[in-house]
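# Remarks on the overall topology
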Amino acid sequence: MLSVSVAKRLGALSLDVALEAKAVGVAALFGPSGAGKTSVVNMVAGLLRPDSGRIAVNGRVLFDSASGRDLPPERRRAGYVFQDGRLFPHLSVRGNLAYGMGREPAGKRLADFPRVVELLGLGHLLSRRPGSLSGGEKQRVAIGRALLSNPAVLLMDEPLASLDEARKTEVLEFIARIPGELSVPILYVTHSVREVERLADSVVVMRGGRVAGRSAAGVAL
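Thresholds applied
Residues numbered from 1 in each chain as written. Predicted model: local features only at pLDDT ≥ 70, side-chain atom pairs only at ≥ 80, totals over all residues. Heavy atoms only, no water. Helix = DSSP H or I, 4+ residues; strand = E, 2+ residues; numbered from the N terminus. Buried < 20%, exposed > 50% of the residue type's maximum accessible area, 1.4 Å probe, protein only. Contact = heavy atoms within 4.5 Å. Areas by Shrake-Rupley, 256 points an atom, 1.4 Å probe, with all protein chains shown as cover. Lys, Arg positive; Asp, Glu negative; His and termini not counted. Charge placed at Lys NZ, Arg CZ, Asp CG, Glu CD. 1 Å grid on protein atoms, 1.4 Å probe; cavity = no way out; pocket = protein on both sides within 12 Å on 5 of 7 lines; lining within 4 Å. Points joined across faces, edges and corners; volume = space filled by probe spheres on them. Nonpolar A, V, L, I, M, F, W, Y, C, P; charged D, E, K, R; others polar. Patch = residues over 30% accessible without salt bridge, like charges linked within 9 Å, V, L, I, M, F, W, Y side chains within 5 Å. Salt bridge = Lys/Arg side-chain N within 4 Å of Asp/Glu carboxyl O. Polar contact = N/O pair within 3.5 Å; in protein donor to acceptor, adjacent residues only side chain to side chain.

### Quick word on the overall build of the protein
- A count of helical and extended segments in the protein gives 6 helices and 11 strands.
- Projecting the C-alpha coordinates of the protein onto the three principal axes gives extents of approximately 45 × 35 × 30 Å.
- A buried classification covers 49% of the 221 residues belonging to the protein.
- Excluding contacts between residues fewer than 6 apart, the proportion of contacts in the protein whose partners are at least 24 apart in sequence is 69%.
- With an accessible surface of roughly 10,000 Å², the protein has 50% of that area assigned to carbon and sulfur atoms.
- Distance between charge centroids for the protein: 5 Å, based on 30 positive and 21 negative side chains.

Right under this line is the structure:
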C-alpha cells in the first residue's frame with residue numbers, strides 16, 4: 001500500500017494532500033493543470049521535499065518530517081515514467097530495458113526481463129535504437145525500464161500526453177495489463193477522463209493543491 005500525507009508551499013500554491021493506494025492497482029490523481037498532481041508524484045519519488053508529512057510504501061517509510069527520515073531517490077524503489085520516454089539514444093531497446101535492472105536476485109524481482117518484454121510487446125524491438133521508434137513504442141520501453149528497476153511503487157506522470165490518439169489507445173491497453181500481471185501499486189497522473197475510466201481502481205480529484213473529491217472505480221467523477 002502507498003500512503004501519502006504531505007504539505008508543501010510552492011509559490012502561490014499551497015499543497016496539502018492525503019491519499020492511499022492499494023498494494024495492487026491504479027490510483028489516479030485527476031485534475032486540471034496546475035492542481036499539484038505532478039508535485040505529489042515528485043514528492044513520492046524524492047525529487048521534491050515536502051515541508052511536512054509522511055510517505056510510506058508497504059509499511060516502509062520513505063519520508064517522515066517528524067522523525068527527519070528522508071530517503072534519497074535511489075533508495076526509494078520508485079519506478080518513474082515521465083510524459084516523454086527519456087530513453088538513452090545510444091543504447092538499443094534491450095540496453096535501455098537492462099539499464100534499470102539492479103543486482104536483486106531473480107526470485108526477489110517484481111518481474112524478469114522476458115516477462116516484461118512479453119507484457120509490453122517489445123520482443124521485435126529489442127535490437128532497435130530509440131531514434132527509430134514511434135512515440136508509443138518509446139513509452140512502452142520507458143514503462144518496461146521502470147518495471148525492471150524492481151519498483152515498490154510505479155509512478156506515471158501523464159505518460160500518454162505526448163502521443164497522438166492512435167498511440168494513446170495502443171499504450172493505454174498495455175498499461176491496463178500491468179495490475180493484473182504484477183503486484184505493484186501505481187500512482188497515475190492524468191487529466192483525461194478516458195484514462196481514469198479505463199485504468200483507475202480509485203481516483204483522487206485535485207484542485208488548487210487540495211483534494212477536492214475521491215471516487216472508486218466505476219463511479220462518475
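### Structural notes on empty space enclosed by the protein
- Applying the stated rule across the entire model yields 1 cavity of 30 Å³ or more.
- Looking at the largest cavity, its volume works out to about 40 Å³.
- Taken together, Ala 21, Lys 22, Val 24, Gly 25, Val 26, Ala 27, Asp 201 and Ser 202 form the lining of the largest cavity.
- It is strand β3 (residues 25-30) that provides the largest number of residues to the lining of the largest cavity, a total of 3 residues.
- Of the residues assigned to the lining of the largest cavity, the class counts are 4 nonpolar, 2 polar and 2 charged.

### Some points on a positive patch on the surface
- A cluster of basic residues, Arg 60, Arg 69, Arg 75 and Arg 77, forms a positive patch at the surface.
- Since its relative accessible area comes to 35%, Arg 69 is described here as partly exposed.

### Description of the side chain of Gln 139
- Counting through the fold element by element, Gln 139 comes out in helix α4 (residues 135-148).
- From its side chain, Gln 139 meets the backbone oxygen of Gln 83 in a polar contact 3.4 Å long.
- Each residue touching Gln 139, except ones within four places of it in the same chain, is listed here: Val 81, Phe 82, Gln 83, Asp 84, Gly 85, Pro 159, Leu 163 and Val 171.

Interpretation in functional terms is not warranted from these geometric data alone.
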